[in-house]
Amino acid sequence: MKRLTKSNDKMLAGVCAGIAEYLDIDPTLVRIIYVLLGFPGHGILIYIILCLIMPSADTY
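As the structure is a prediction and not an experimental result, all values here were calculated from the model.

A. Quick look at the overall build of the protein chain. Summing up its helical and strand segments, the protein chain has three helices and zero strands in all. Along its sequence from the N terminus, the protein chain presents helices and strands in the succession α-α-α. A compact globule built from 60 residues would reach a C-alpha radius of gyration of about 10 Å, and the protein chain, at 11 Å, matches this within 12%. C-alpha atoms of the protein chain, sized along the principal axes, occupy 35 × 25 × 20 Å. Within the protein chain, the fraction of its 60 residues that count as buried is 30%. A separation threshold of at least 6 residues defines the contact pool for the protein chain, and within that pool the share at least 24 residues apart is 42%. For the protein chain, the computed accessible surface area is about 4,400 Å², with 68% contributed by carbon and sulfur atoms. Looking at the protein chain, you have 5 positive and 5 negative side-chain charges, and the mean spots of the two groups are 7 Å apart.

Set out below in structure tokens:
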């Protein structure tokens, strides 16, 4: 069973890379999509919330 966790392959906190690993896609693609869709609204707040609630990959 796959779990959504922060990745060890991280630029900031590993949130986008963790989502990419969960979806089996390139982390760069997730980062680009996040920048394009996230920043006009509440993107930074969503990223901080995900950073706080997503468990680290090394805890599993």
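B. How the structure looks around helix H2 (residues 27–38). Here H2 spans 15 Å end to end across twelve residues, near enough to the 16 Å set by a 1.5 Å rise per residue. Turning to H2, its buried residues are Pro27, Val30, Arg31, Tyr34 and Gly38. The arc enclosing the buried residues of H2, seen along the axis, measures out at 100°, which places them on a common side. Residues Leu36 and Leu37 are exposed on H2 and point more than 90 degrees away from its buried face. Residues of H2 that are buried in the fold lie against helix H1 (15–23) and helix H3 (43–53).

C. Representation of the environment of Thr28 within the structure. Mapping Thr28 onto the fold places it in helix H2. Once the C-alpha coordinates of Thr28 and Cys16 are considered, the two residues, twelve residues apart in sequence, prove to be 8.4 Å apart.

D. Molecular detail of a nonpolar patch on the surface. Taken together, the side chains of Leu4, Tyr22, Leu23, Ile25, Leu29, Ile32, Ile33, Leu36 and Leu37 define a hydrophobic patch exposed on the protein surface, amounting to about 860 Å² of accessible area. Elements represented by at least two residues in the nonpolar patch include exactly H1 and H2. At five residues, the largest contribution of residues to the nonpolar patch is made by H2. Take Leu36: it is sitting in helix H2. You can call Leu36 exposed: its relative accessible area is 63%.

Conventions and cut-offs
Residues numbered from 1 in each chain as written. Predicted model: local features only at pLDDT ≥ 70, side-chain atom pairs only at ≥ 80, totals over all residues. Heavy atoms only, no water. Helix = DSSP H or I, 4+ residues; strand = E, 2+ residues; numbered from the N terminus. Rg over C-alpha atoms; globule rule 2.2 N^0.38 Å. Buried < 20%, exposed > 50% of the residue type's maximum accessible area, 1.4 Å probe, protein only. Contact = heavy atoms within 4.5 Å. Areas by Shrake-Rupley, 256 points an atom, 1.4 Å probe, with all protein chains shown as cover. Lys, Arg positive; Asp, Glu negative; His and termini not counted. Charge placed at Lys NZ, Arg CZ, Asp CG, Glu CD. Expected span 1.5 Å × (residues − 1). Arc of directions from axis to C-beta. Patch = residues over 30% accessible without salt bridge, like charges linked within 9 Å, V, L, I, M, F, W, Y side chains within 5 Å. Salt bridge = Lys/Arg side-chain N within 4 Å of Asp/Glu carboxyl O.

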